[in-house]
Amino acid sequence: MATHLSYGRVNLNVLREAVRRELREFLDKCAGSKAIVWDEYLTGPFGLIAQYSLLKEHEVEKMFTLKGSRLPAADVKNIIFVVRPRLELMDIISENVLSEDRRGPARDFHILFVPRRSLLCEQRLKDLGVLGSFIHREEYSLDLIPFDGDLLSMESEGAFKECYLESDQTSLYHAAKGLMTLQALYGTIPQIFGKGECARQVANMMIRMKREFTGSQNSIFPVFDNLLLLDRNVDLLTPLATQLTYEGLIDEIYGIQNSYVKLPPEKFAPKKQGDGGKDLPTEAKKLQLNSAEELYAEIRDKNFNAVGSVLSKKAKVISAAFEERHNAKTVGEIKQFVSQLPHMQAARGSLANHTSIAELIKDVTTSEDFFDKLTVEQEFMSGIDTDKVNSYIEDCIAQKHPLIKVLRLVCLQSVCNSGLKQKVLDYYKREILQTYGYEHILTLHNLEKTGLLKPQTGGRNTYPTIRKTLRLWMDDVNEQNPTDISYVYSGYAPLSVRLAQLLSRPGWRSIEEVLRILPGPHFEERQPLPTGLQKKRQPGENRVTLIFFLGGVTFAEIAALRFLSQLEDGGTEYVIATTKLINGASWIESLMEKPF
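So, how was this worked out
Within any chain, residue numbers begin from 1 and follow the written order of that chain's sequence. Predicted model: local features are reported for residues with pLDDT of at least 70 only, side-chain atom pairs are reported and counted for 80 or more only, and whole-chain, interface and lining totals are derived from all residues. Water and hydrogen atoms were dropped before computing side-chain values, which therefore reflect all heavy atoms in the structure. UniProt positions are given in the numbering used here, feature names are shortened, and annotations may be inferred rather than shown by experiment. Axis definition: a line fitted to C-alpha atoms, limited for helices to the stretch in contact. Angles are taken between N-to-C directions and run from 0 to 180 degrees. Runs of E in the DSSP output that reach at least two residues are strands. Runs of H or I that reach at least four are helices, and both are numbered from the N terminus. Angular relationships are summarised with four words: roughly parallel below 35 degrees, roughly antiparallel beyond 145, roughly perpendicular across 65 to 115, and oblique for the angles in between. Here a crossing is taken to be left-handed if its near helix is turned anticlockwise relative to the far helix by less than a right angle, and right-handed if that turn runs clockwise. Should any heavy atoms of two residues lie within 4.5 Å, those residues are considered in contact. Amino acids outside the nonpolar list (Ala, Val, Leu, Ile, Met, Phe, Trp, Tyr, Cys, Pro) and the charged list (Asp, Glu, Lys, Arg) are all regarded as polar, and Gly is one of them. An expected span of 1.5 Å times one less than the residue number is assigned to each helix. The buried label goes to any residue with under 20% of its type's maximum accessible area, the exposed label to any with over 50%, and the partly exposed label to all in between, with areas taken from a 1.4 Å probe on protein chains only. Our arc is simply the arc of the directions from the helix axis toward the C-beta atoms. We treat two strands as partners when DSSP finds at least two bridges between them.

The name an unreviewed UniProt entry assigns to the chain is Vacuolar protein sorting-associated protein 33A, from the organism Balaenoptera musculus. Per UniProt, the chain has the following entry under Sequence similarities (unreviewed entry): "Belongs to the STXBP/unc-18/SEC1 family."

### With respect to the packing of helix H14 (residues 391-398) against helix H16 (residues 422-436)
One can describe the packing of H14 onto H16 by two numbers: an axis separation of 10 Å at closest approach and a directional angle of 20°. Relative to H16, the element H14 is oriented roughly parallel. Here the hand of the crossing between H14 and H16 comes out left-handed. Note on element contacts: H16 touches H14 through Tyr427, Tyr428, Glu431, Ile432, Thr435 and Tyr436, opposite Ile393, Glu394, Cys396 and Ile397. Its residues assigned to classes, the contact of H14 with H16 comprises seven nonpolar, one polar and two charged.

### Thoughts on H16
Across its 15 residues, H16 extends 21 Å between first and last C-alpha, which sits within 8% of the 21 Å expected from 1.5 Å per residue. Regarding H16, the residues found buried are Val424, Leu425, Tyr428, Ile432, Leu433 and Tyr436. Taken around the axis of H16, the buried residues stretch over an arc of 155°, which confines them to a single face. Of the surrounding secondary structure, the elements contacted by the buried residues of H16 are H14, helix H15 (403-415) and helix H17 (441-449). Just beyond H16, the residue with positive phi is Gly437, at close to 115°.

### What to know about the pairing of strand S1 (residues 34-38)
Burial runs high along S1: five of the five residues are buried. Where burial is concerned, the two faces of S1 agree: the one with Lys34, Ile36 and Trp38 and the one with Ala35 and Val37 are both buried. In this structure, S1 lies alongside strand S3 (residues 78-83), joined through five bridges in parallel fashion. If you follow Ala35 over to S3, its bridge partner there is Ile79. Across five bridges, S1 lies against strand S2 (residues 60-65) in parallel orientation. Across the sheet, Val37 pairs through a bridge with Phe64, a residue of S2.

Written out as structure tokens, the structure reads:
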């Protein structure tokens, strides 16, 4: 059992166990010893649901990464390819299979598509003459992966680009399938709310899938009260801004992949007396970040400026606890101290790690450039000088700062001005292409197509109306003891989370005007429940809302939703699902065309 998945109102271990069971059943179909050949992208998500020990129990002896030419030697009966349905991967698999055939003893080949089988891929294998070599060709519907007690992600890296650039609805279908799986395990969700074109499509798919399965009535008592489907393009602003929570900054600076982060090792080397800094480790320090770690659960969602005081308080508590050993006189007292020792040592190790991470982040956040960039972002978000060329962005381009940083700022200015004046937009485009190379013209086209960087049409900037109505900018933010979600960006309240907050209380009728300005339809659907399953809420009992971000969500938005869940009189607890955990850099990068 993964204890960190069961602390909330919804026990996500149920989902984890269901997907583990499906994996075990497939492995048992392939009798005998096995080697798994992994599509490299899948190793991270799979690590969250099945450790090597589980695979070992089912006779998995070897694991390889999918690469061209021959497979490494392995004395096993079965070779299982676990891959995403991508044509380029089929070419590599066929190369592997054909080189095995010439090699000697016959092996049984199997292929497991994640999350769906694909006729195109099977046709490609057939054209390459290897389809007949596979005994089992199956799909493993790993749609939603539990990351934490209130967080699920599909980890579909191309979802936003597919939906908004390529009009490809595959990831929306997978989202609908994932939601159907959740309903099979946790009961039908009585009310569905949504905003955006993709949200409408997912809701339609869910309703259609439910109609197709009319034969079986879902008799599970519903755990969720509401589902809120939100398109990422309803709120393009939030991911572009720099996140200022502890977890958000770790992701901005180092990148969190499947709840792991790789950090520079020198901060974590044990300091020995008279060592003079010899033999510093060269391999990155890899740490898992989730709420199983007590200290991380406490500080992850705080504004970074509030983390230092928590760490110093913790240090005092831990050193006082270790001092207790001098007061232990009787055998009973000593025994009690010894029994607490492992927990205390773990707490001390955790504190040392997070103190080192906080120092690394502080080096960045106290730099002059970070401050300048943040100042410009906050000016844009509060509506200052969004309609003319910004001198800081000009300087960044002139000094050839990383292109992603420049694009984030230009897109932020565009979104905060409902598009840029044609003259300003043309100037930025010309400067970027002349400095970074003309191959980036395709990237600029992509950003324009998704609405991130566009000319202002109709001559009216609607952002101030949205900002004022939804109270997106708060001047006096208490970062230490926040009273509003705007603490996650030190002033800016994420638009997406504000929509969720207003839906819960007083309802979206109060903001009809703004909902009409924001892209895509807004809607409400009811899913009837069989008699006997209607929920009678106890006085003081919170509603549980599942909020699904189609196109990605940031850690700062997650922190803001957790803040709302913990409010005394909030009335709603949130479980968050998404197509992908993103930050501004990874999001812009997913829209960049790779130069040939």
